[in-house]
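# Geometric and topological summary
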Amino acid sequence: MTTPLLQLTKVSKHFGGVRALHEVDMAVHAGEVVALVGDNGAGKSTLVKIVSGVESPDGGEIRVRGEARRLESPRAAAEAGIRTVFQDLSLCDNLDAVQNLFLGQERYGPVWSGRRVRRHVMEEQAQRVLESLSVKLRALNTPVVALSGGQRQGIAIGRALISDPAVVILDEPTAALGVSQRGEVLDLIDRLREQGRAVVVISHDMKDVRRVADRIVVLRLGTKVAEFERGGYTPADLVGAMTGAHETNDEGGEQ
Amino acid sequence: MTTPLLQLTKVSKHFGGVRALHEVDMAVHAGEVVALVGDNGAGKSTLVKIVSGVESPDGGEIRVRGEARRLESPRAAAEAGIRTVFQDLSLCDNLDAVQNLFLGQERYGPVWSGRRVRRHVMEEQAQRVLESLSVKLRALNTPVVALSGGQRQGIAIGRALISDPAVVILDEPTAALGVSQRGEVLDLIDRLREQGRAVVVISHDMKDVRRVADRIVVLRLGTKVAEFERGGYTPADLVGAMTGAHETNDEGGEQ
Amino acid sequence: MTTTKAATNATAPETGPTGPRGIGRAIETAARGHRSIPVLVVLAIIWAVFYSQSSAYLSFQNITNLTLQIVTTAILALGVVFVLIVGEIDLSSAVLSGVCAAVAAGLTVNHGLPLVVGIAAGVATGMVVTFVEAQIIMFGVPSLIVTLGGMVILQGLILVVLPPEFTISVAGTPFAKIASTAIPAGASYGLAAAGTLAYAGYRFFQHRERASTGSLTSLATVLVPAVVVAVVLFGGVFTLTQQRGLPMPLLILAVMLLIAWYATTQTRYGIHLYAVGGDREAAQRAGIPVRRMVLYSFLILGACAAIAGMVDSSRQLGVSVTSGAGPLMLNAIAAAVVGGTSLFGGRGSIWSALLGALVIGSISNGVQLLGLSTEVQYFATGSVLIIAVAVDVVLTRGSLLPGRRA
Amino acid sequence: MTTTKAATNATAPETGPTGPRGIGRAIETAARGHRSIPVLVVLAIIWAVFYSQSSAYLSFQNITNLTLQIVTTAILALGVVFVLIVGEIDLSSAVLSGVCAAVAAGLTVNHGLPLVVGIAAGVATGMVVTFVEAQIIMFGVPSLIVTLGGMVILQGLILVVLPPEFTISVAGTPFAKIASTAIPAGASYGLAAAGTLAYAGYRFFQHRERASTGSLTSLATVLVPAVVVAVVLFGGVFTLTQQRGLPMPLLILAVMLLIAWYATTQTRYGIHLYAVGGDREAAQRAGIPVRRMVLYSFLILGACAAIAGMVDSSRQLGVSVTSGAGPLMLNAIAAAVVGGTSLFGGRGSIWSALLGALVIGSISNGVQLLGLSTEVQYFATGSVLIIAVAVDVVLTRGSLLPGRRA
Amino acid sequence: SILLVAACGGNDAGDGGSGSGSKLVYFMAPNTTPTRYIQQDGPAFEKAIKALDPTVEVKFVNAGGDSNQQLAQANAAIAAGAKALVVVAADPNTSAGLLQAAEQAKVPVIGYENPPVKGTLYSQVIFDPEKVGAQQATYFADQVTSGKLGAKPVKVARQYGNKGDVYTTQMLAGQNKVIDPLIASGDIQVVCEDYIKDWAPDNATKATEQCLTKTQNGVGAFFGFYDGITAGIIAALKAKNVKIPVYGGQNPELTGLQYMLTGDQQDNVLKAFKVEAEAAAKIAIAAIGGQQPPADLVKDKIDNGAMQVPTAKLDATLIHLQDGKDPGDAVQQAVDLGMFTWAQICTGPAADTETCKTRNK
Ligand SMILES: Nc1ncnc2c1ncn2[C@@H]1O[C@H](COP(=O)(O)OP(=O)(O)OP(=O)(O)O)[C@@H](O)[C@H]1O
Ligand SMILES: Nc1ncnc2c1ncn2[C@@H]1O[C@H](COP(=O)(O)OP(=O)(O)OP(=O)(O)O)[C@@H](O)[C@H]1O
Ligand SMILES: O[C@@H]1[C@@H](O)[C@H](O)OC[C@H]1O
Ligand SMILES: [Mg+2]
Ligand SMILES: [Mg+2]
């Protein structure tokens, strides 16, 4: 088996007395889409934050392309090739759509120009990215506060893709999207897989999960309770694992 | 026909050059669930904000129980019996779960006590409301920043229900919810109908919409493009109206 | 700046899913209610350091000095805390305190009206001024500008309010009694006892209330805090009555803190106050009368400024154009922030006024006591202030308490 | 406070789906870039009012007075704007300006070093001090505390830096030339011409750049602004050379504004600056080096403070312990806020430093010119300040410009 | 005051302090501006004390312009066992609280320069501000009446200190006693009149600029209040290249003397800090020893609103430029009084003057 692009081993995280994650293992290979599912409060977003350098784990190990990494900041994660769409989107309300889309990844001129921003290049590219997501904005220089929930989510997704990341993490990327935008994002995930990227996607929509995921990791109360391969489960298995109604693990292990 | 609990006539709203809503009519009767659907940026949340007193319309009329009302603030809307779950949830991050759940509707003691908050009463009631929504919190005094996306959404929904409103407006209430929580909310909407309340629900999930809605209002680019009665449409009609692929209107009118 | 990580991590704790609910919860409640503890540790360190330099620092006499020195700052800071919690700022209240003192002393001393009338007029002046300021702020002018302009106007006003000789001397008048009255030791102990009993009673009432809804709280949640309060009150009275009885200004401060504590932590008003400061938009959407809450905070500030001014001039035995000038304003704001109140709204407790004023007062008292040269005094005052808050930052980080971001 | 509604409504415009794209877009771009326009209107009103009271107000002589009077405040406010944009505050830079001036003048006048060495040392001093402050702020101590403590320490430091007689007179020395140098009319017009050409050239370059990607911009977007700039520059030079040529301090300010404009609006640095101020957590998550951005802002402030201090002492012909004391600090902060910069970070432009300083300076200049009594001067200064910003609030509300919330 | 005595009667605060036998005196400066108190008076006082009794220890504090702070400092000093306080009141009008605290602790207070009012003082040393104002005004009036300032009425721009300050009020009273008759007679026409906030030079500069604009440079003379204000006036005049004589120096500050050498400032009133510090030292020693104030020094009484304070009134010296004479002759008196050395004076603007070339060796 190839080295996973991203590999977590026994990752744990406590918030004060709350055990948000307990010794969670997870691996994502190039060209693979892994879905992370679980009930509200299961620890999915916490896991995402750890992999994105937003939170630091209490224990465990993270390997990127087989190399152990301390992702001590989102910057470090980005440098390791990991880009994330956060559940709360994490946009800067005072900046406009283009600025948000390229935030931290601006296209700019030479140092002697003071890293002058090449706004026209960014606008052009923004147009293309947003079109590919079916996101319609009335003007690219609208501050994002003035955008609708779905438009904002579109920007957040666009941002994660703009610089060809090796690993893309999407925390409930379709929650606020309309029917066609949702379709585009699911197609997009397929394309990301084809491009050989590693994708982690969180969703509460089991239909979407079943459609895109090569593998499904189920969290419950911070613990990994099951892992299913594509085709290796029934919808009931999935819901059962999430809610704890009956517990399965396709690896044969038990909880 | 009875007087609608909530009736909008030719409501319009512009943001600078953006026509967010254009002469939208809508009526919701007691014991009726109306779904408001439309693509991202269609104007759904803007409509919700107008009815909740957050934005003021540029034109048109709003009637509550047949009486024309200027809902010039959320307070005024609440006094008219309208409570809303906003798409962005609108929680106070620095307050805890119970405080957020009861915000603006605290249970308090007599004036001579300085309106002393009856925390124990609130906690008890909070427990019940959250249980009914399947929301699991580890402690009621957790500040809401520390909650997961779904837990936050649960609190926001709970808040809209805590004081027996006549009209409940839910802007994408299930977006962040887990499978079981989503089920609870859909059941809850049914119960609200049975209790004779008027419910407006926004969702991008057509399955959910079909399940709960007695009537569906479709917005596109700020204009009402269709209205369907339960049973009077096919899924394709719905998607067609939203995306503008083919335009129908069950009232026989045309766009 | 607080780094993102710190800010995110440093949110309040929850008990673990498996943790013993009772104990976990108790610790958690204690920690949440006592953001003040790190500041107390900082205070203890400051005291220890200065005591090691001069034993006079912790003499009864100097402790009495210290407490009296901080009263004005603490009372003004209390008002400032209310304004900061709702997310506004104020620069005018120090000068306002001088104006109110001039009004009150003028009526009492120069026009021979009864003391209560003078005091009432002083408080009314403060509240009228902040009422007007609040109206303009609610109109949309930033509070920094309104209160800066207000400060300048009040600097002119004090010239008008004062008699032509620009000074009112209050020595030997009833006005001087505000600060000079001392409650004899006996009565002071009585007050301490009453305070302890009332507190224990309230705690017990809460305990019963909870029990009535089936929540589990042990009697320890009544007894432990009651003992702590008793120790603080009796210890304080013992220390402060060594000189001439409990000074009236301290009693005034104590009563104000008590009322403010009740209002901010036990009432609906308190919840709304924090909601408005935490997220004004969200508060508005929840139906809270945001403008009214801002107005209330400014009215409270006006009253606090007036009381601070009157106590101060009674202590200095005079009012002049410099009353309320000098470092009072910045000290009051700094006290609030040192005590843990955020400049960005929504965070802070009324104890921050007292504790912050104590930290700042202890530093300046100690530095003066050592009789260092002028430059060195400046260096010491500035650095100890920064170090004190840095220590607080370290302590808070290490603990589960909410971090600071001011 | 800004009510929720105003805050929500007052976001920037978009063109309608049906609106004529070209025109709508142009208006919109103009409006977005020119939050300054309401402030300019306010300024015009202030000038009209004072002019109606005294025709000397708009004499060449007084306009020259005014511009020179505001230079120090404007330069310092420029630094303050950078710090406010990233969401921090500063109280120490005014005193710092005095310390830097003392260093520079001391080396130049008392130690006979060349003027450039003195200036370099002054700027270095400013930047070292703010570097240290920024480190402590990044450690987690609120900037209010760090810079308040810093202010106190610097008050001590200026006593150490100054020679034993606590004053340096610079009249007749090379140091005095910083402020007294005047660029002759001819050369000044040359500068204005160069400025206009450079600006038009840059605009044209942008126009070509856009055209290359197929965006539609008309040549009017080059010509109209270029004409406006030409009118401003030549008008300014004409007015200011009526007395003794273009004063050097103004040229310094102009160059600083120009660089700051480019950095904040045209570069990656500028986007990151606003991102950090708008939402620090989001900026961090986008991979922006938040701490470094905060540090940069403080370093810029340090340099601005030093330059402000040197220009000021050169104008005052001396440095003393009062250099940088007085209302300079509050005026600089107020200038930024009057100009539209938010105390809460993420909002404001560098023009706010200039415009705010002009508003404040115009008021104080006018009030003094009218020779009113001291009290009335206070009343007028305070109220006109508040009214000016209130008018701005009204104008901004009526328009599509982003509202203020400071 | 009876009330207060009654209130504290019988308490034992009198032996406050550490009870150590050390003889501790505090010199309490009001602020760092003017600098004379931390730069000159304080050190001179310590030197004088050491000369009289080496066992006495002197400590310095500085109230930063805040009366409250000064009260706190007095309390701290008392707690530290001070045997006497030499107080330059930060604000005389609000210093009664300090006097009361000292009285209750039975620590004698010697008022220094800015007189604390409405309370008990052991004694006071002072260059009477009213007299200083009168001295400035008398010289200025002479220039007016002698015709040196041109045809009458002479257009005069006056700049005072901070409005509401005791010092401003008293100096102004002194000036007005002399100037008012000339205004009444029409010899002087006051064209600008400004209170200078905080006595700050930059505020004086601005007031000067505005006055020149208002009068279109129609000012015959500027008449200030002290050297900081005249320095501000001179900075404005120099920037505009206008030559208008400036009067009304006082204190002096180093710049004031320098500007006399360059001919920019006409006069100065020297308040010989050394004389004042030595007087205060002698009185302080007497106070520590529980004696009466030395009668050879303390010959006057002033009413401070609560009592007749035994006072040593000191004479200030007016110096001024004279046509055709070396300005160094006038400034020499300041050097002789030990205020500044020629080396200090001959820097900056004065460095290249003839006087300095000859005198600064
Ligand atoms: N404050 C505002 N200022 C300017 N434009 C706004 C503002 N709020 C909304 N808009 C614009 O109005 C349109 C309608 O927005 P709205 O939020 O109502 O859409 P929506 O139907 O709720 O979409 P979604 O499904 O994405 O939540 C959008 O184009 C949006 O960009
Ligand atoms: N900063 C924090 N401080 C304390 N507790 C936290 C914090 N962040 C998350 N938690 C807690 O950790 C648990 C896991 O939260 P997380 O956000 O990872 O859940 P999730 O699986 O993403 O849920 P959702 O589907 O609702 O988004 C929850 O109980 C939550 O309350
Ligand atoms: O009070 C000060 C006075 O002593 C001095 O002489 O002149 C300036 C004033 O500030
Ligand atoms: Mg989540
Ligand atoms: Mg929406």
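Located above this text is the structure these notes cover.
Described in the following lines is the structure provided in the data block. (Residues numbered from 1 in each chain as written. Chains lettered and ligands numbered in written order. Predicted model: local features only at pLDDT ≥ 70, side-chain atom pairs only at ≥ 80, totals over all residues. Heavy atoms only, no water.)

Right, let's get into the overall build of chain A. Counting its secondary structure elements, chain A contains eight helices and 10 strands. For a compact globule of 255 residues, the expected C-alpha radius of gyration is about 18 Å, and chain A comes in at 18 Å, within 12% of that figure. Considered along the principal axes of its C-alpha atoms, chain A spans approximately 60 × 40 × 40 Å. Looking at chain A as a whole, 63% of its 255 residues are labelled buried. Long-range pairs, those at least 24 residues apart, make up 61% of the contacts in chain A between residues at least 6 apart in sequence. Here chain A has roughly 9,300 Å² of accessible surface; of this, 48% comes from carbon and sulfur atoms. For chain A, the distance from the average position of its 32 positive side-chain charges to the average position of its 34 negative side-chain charges is 6 Å. (Helix = DSSP H or I, 4+ residues; strand = E, 2+ residues; numbered from the N terminus. Rg over C-alpha atoms; globule rule 2.2 N^0.38 Å. Buried < 20%, exposed > 50% of the residue type's maximum accessible area, 1.4 Å probe, protein only. Contact = heavy atoms within 4.5 Å. Areas by Shrake-Rupley, 256 points an atom, 1.4 Å probe, with all protein chains shown as cover. Lys, Arg positive; Asp, Glu negative; His and termini not counted. Charge placed at Lys NZ, Arg CZ, Asp CG, Glu CD.)

With that out of the way, let us pick up the side chain of Glu-227 of chain B. Residues and elements named next belong to chain B. By the secondary structure assignment, Glu-227 is in strand β10 (residues 223–229). A distance of 2.4 Å separates a polar atom in the side chain of Glu-227 from a polar atom in the side chain of Arg-215. Within the structure, the side chain of Glu-227 is placed 2.4 Å from the side chain of Lys-224, a separation counted as a polar contact. (Polar contact = N/O pair within 3.5 Å; in protein donor to acceptor, adjacent residues only side chain to side chain.)

Moving on, we come to the site of ligand 2. The immediate surroundings of ligand 2 are formed by 23 residues, with Lys-44, Ser-45 and Thr-46 of chain A together with Ser-148 and Gly-150 of chain B found nearest. Of the chains in the model, those with residues near ligand 2 are chains A, B and C. Gly-43 of chain A is positioned such that a nitrogen or oxygen atom in its backbone is 2.8 Å from an oxygen atom of ligand 2. At 2.7 Å, a side-chain N or O of Ser-45 of chain A approaches an oxygen atom of ligand 2. Protein burial of ligand 2: of its 630 Å² of free accessible surface, 97% is covered by the chains. (Near = heavy atom within 4 Å.)

Ligation of the magnesium ion (ligand 5) by protein atoms is provided by Ser-45 of chain B (OG) and Gln-87 of chain B (OE1), these donors lying 1.9 to 2.1 Å from the ion. Taken together, the residues span a long stretch of sequence, with Ser-45 of chain B in helix α1 (residues 44–51) and Gln-87 of chain B in the loop between β6 (82–85) and α3 (97–101) at a distance of 42 residues. (Donors = N, O, S within 2.8 Å, 3.2 Å for Na, K, Ca; no water.)

One face of the sheet, then the other: side chains in a regular strand alternate in exactly this way. All names here are of chain B. For strand β3 (residues 32–38), the tally of buried residues reaches seven of seven residues, placing the bulk of the element in the interior. Burial along β3 is two-sided: Glu-32, Val-34, Leu-36 and Gly-38 and Val-33, Ala-35 and Val-37, pointing in opposite directions, are all buried. Relative to strand β8 (residues 198–202), β3 is paired through five bridges, and the arrangement is parallel. The residue bridging Val-34 from the neighbouring strand is Val-200, located in β8. Sheet analysis places β3 next to strand β9 (residues 215–220), joined by five bridges and oriented parallel. If you follow Val-37 over to β9, its bridge partner there is Val-218. (Pairing = 2+ DSSP bridges.)

Moving on, we come to the coordination of the magnesium ion (ligand 4). Six octahedral donors around a metal ideally subtend angles of 90 or 180 degrees, whereas four tetrahedral donors ideally subtend 109.5 degrees. Only Ser-45 of chain A (OG) and Gln-87 of chain A (OE1) from the protein coordinate the magnesium ion (ligand 4), and they sit 1.9 to 2.1 Å from it. Among the residues examined, Gln-87 of chain A registers a relative accessible area of 24% and is labelled partly exposed.

Turning our attention to the site of ligand 1. By nearness alone, 23 residues border ligand 1, and Ser-148 and Gly-150 of chain A together with Lys-44, Ser-45 and Thr-46 of chain B come closest of all. In this structure, an oxygen atom belonging to ligand 1 sits 3.3 Å away from a side-chain N or O atom of Arg-138 of chain A. Here an oxygen atom of ligand 1 sits 2.8 Å away from a polar atom, N or O, in the main chain of Gly-43 of chain B. For ligand 1, whose free accessible area comes to 640 Å², the fraction covered by protein is 97%. For the shell around ligand 1, the per-class residue count stands at five nonpolar, 13 polar and five charged. (Nonpolar A, V, L, I, M, F, W, Y, C, P; charged D, E, K, R; others polar.)

Time to look at the interface of chain C and chain B. In this assembly, 36 residues from chain C lie in contact with 35 residues from chain B. Viewed at the interface, chain B and chain C are joined by three salt bridges. Glu-209 of chain C is paired through a salt bridge with Arg-116 of chain B; the nearest N and O atoms lie 2.9 Å apart. There are 13 residue pairs in polar contact (both at pLDDT 80 or more) connecting chain C and chain B. Listing elements by their share of the side of chain C that touches chain B, those giving two or more residues are α2 (21–33), α9 (185–212), α11 (248–266), α12 (268–278) and α13 (280–285) of chain C. (Salt bridge = Lys/Arg side-chain N within 4 Å of Asp/Glu carboxyl O.)

Residue and element names in this part refer to chain C. The interhelical angle for the contact between helix α4 (residues 60–85) and helix α10 (residues 220–240), taken along N-to-C directions, is 110°, at an axis separation of 9 Å. Relative to α10, the element α4 lies roughly perpendicular. Across the interface between the two elements, Phe-60, Ile-63, Thr-64 and Thr-67 of α4 pack against Phe-238, Thr-239 and Leu-240 of α10. Considering only residue class, the contact of α4 with α10 consists of four nonpolar, three polar and no charged. (Axes fitted to C-alpha atoms, helices over the stretch in contact; angles between N-to-C directions. Parallel < 35°, antiparallel > 145°, perpendicular 65-115°, else oblique.)

With that out of the way, let us pick up the relation of the copies chain D and chain C. Least-squares fitting of chain D to chain C yields an RMSD of 0.1 Å, with the transformation described by 0.0 Å of translation along the axis and a rotation of 180°. Such a combination of turn and shift is consistent with a two-fold rotation axis. Minimal C-alpha distance to the rotation axis in chain D is attained by Phe-344 of chain D, lying at 3.5 Å. Counting the interface residues of chain D, we find that 100% of their copies in chain C are interface residues as well, pointing to one common contact surface. (Least-squares fit on C-alpha atoms with pLDDT ≥ 70 in both.)

Residues and elements named next belong to chain B. Overall, antiparallel pairing links the four strands, which are arranged β2-β1-β4-β5 in an open sheet. Strands at the two margins of the open sheet, each flanked by one partner only, are β2 (18–28) and β5 (67–68). Looking at chain direction, strand β1 (residues 6–15) and strand β4 (residues 59–64) are connected through five bridges and run antiparallel. Across the sheet, residue Leu-6 finds its bridge partner in β4, namely Val-64. This element, α1, spans β1, β2 and β4 of the sheet and lies at about 115° to β1.

Turning next to the interface of chain D and chain C. Listed per partner, the contact involves 60 residues of chain D and 60 residues of chain C. In this assembly, chain D packs against chain C so that about 5,100 Å² is buried in total across both faces, 75% of it on carbon and sulfur atoms. There are zero salt bridges connecting chain D and chain C. Taken together, the residues of the side of chain D that touches chain C sort by class into 37 nonpolar, 15 polar and eight charged. (Buried area = accessible area lost by both parts, 1.4 Å probe.)

With eight pairs of chains in contact overall, the greatest share of contacts is found between chains C and D. Here chain A and chain E are not in contact; the least distance found between their C-alpha atoms is 38 Å.

Under the criterion given, the structure shown has 18 cavities of 30 Å³ or more. Reported here for the second largest cavity is a volume of approximately 290 Å³. As for the second largest cavity, its lining consists of 22 residues, of which Ile-89 and Leu-343 of chain C together with Ile-89, Leu-144 and Leu-343 of chain D are closest to the centre. Listed by contribution, the elements that provide at least two residues to the lining of the second largest cavity are α7 (143–161) and α15 (328–338) of chain C together with α7 (143–161) and α15 (328–338) of chain D. (1 Å grid on protein atoms, 1.4 Å probe; cavity = no way out; pocket = protein on both sides within 12 Å on 5 of 7 lines; lining within 4 Å. Points joined across faces, edges and corners; volume = space filled by probe spheres on them.)

This next bit is on the state of the cysteines. A full pass over the atoms with the stated rule returns two disulfides over all chains. With its sulfur 2.0 Å from that of its partner, Cys-192 of chain E forms a disulfide with Cys-211 of chain E. Across the S-S bond of Cys-192 of chain E and Cys-211 of chain E the torsion is about 90°, and the bridge reads as right-handed. Here Cys-192 of chain E, found in strand β7 (residues 188–195), pairs with Cys-211 of chain E, found in helix α7 (residues 201–215); they are 19 residues apart in sequence, far enough to count as distant. For the pair Cys-192 of chain E and Cys-211 of chain E, a shared accessibility class is recorded, and that class is buried. In this model Cys-346 of chain E forms its disulfide with Cys-356 of chain E; the gap between the sulfur atoms is 1.9 Å. Measuring the twist about the S-S bond at about -85°, one finds the Cys-346 of chain E-Cys-356 of chain E disulfide to be left-handed. Residue Cys-346 of chain E is located in the loop between α12 (342–345) and α13 (354–359), and its partner Cys-356 of chain E is located in helix α13; the two are separated by 10 residues in the primary sequence. Residues Cys-346 of chain E and Cys-356 of chain E agree in their burial class; the two are buried. Free of any disulfide, Cys-304 of chain C has its nearest neighbouring cysteine sulfur in Cys-100 of chain C, separated by 11 Å. Residue class for Cys-304 of chain C comes out buried when judged on its relative accessible area of 4%. (Disulfide = S-S within 2.5 Å.)

Geometric values such as these leave the question of function open.
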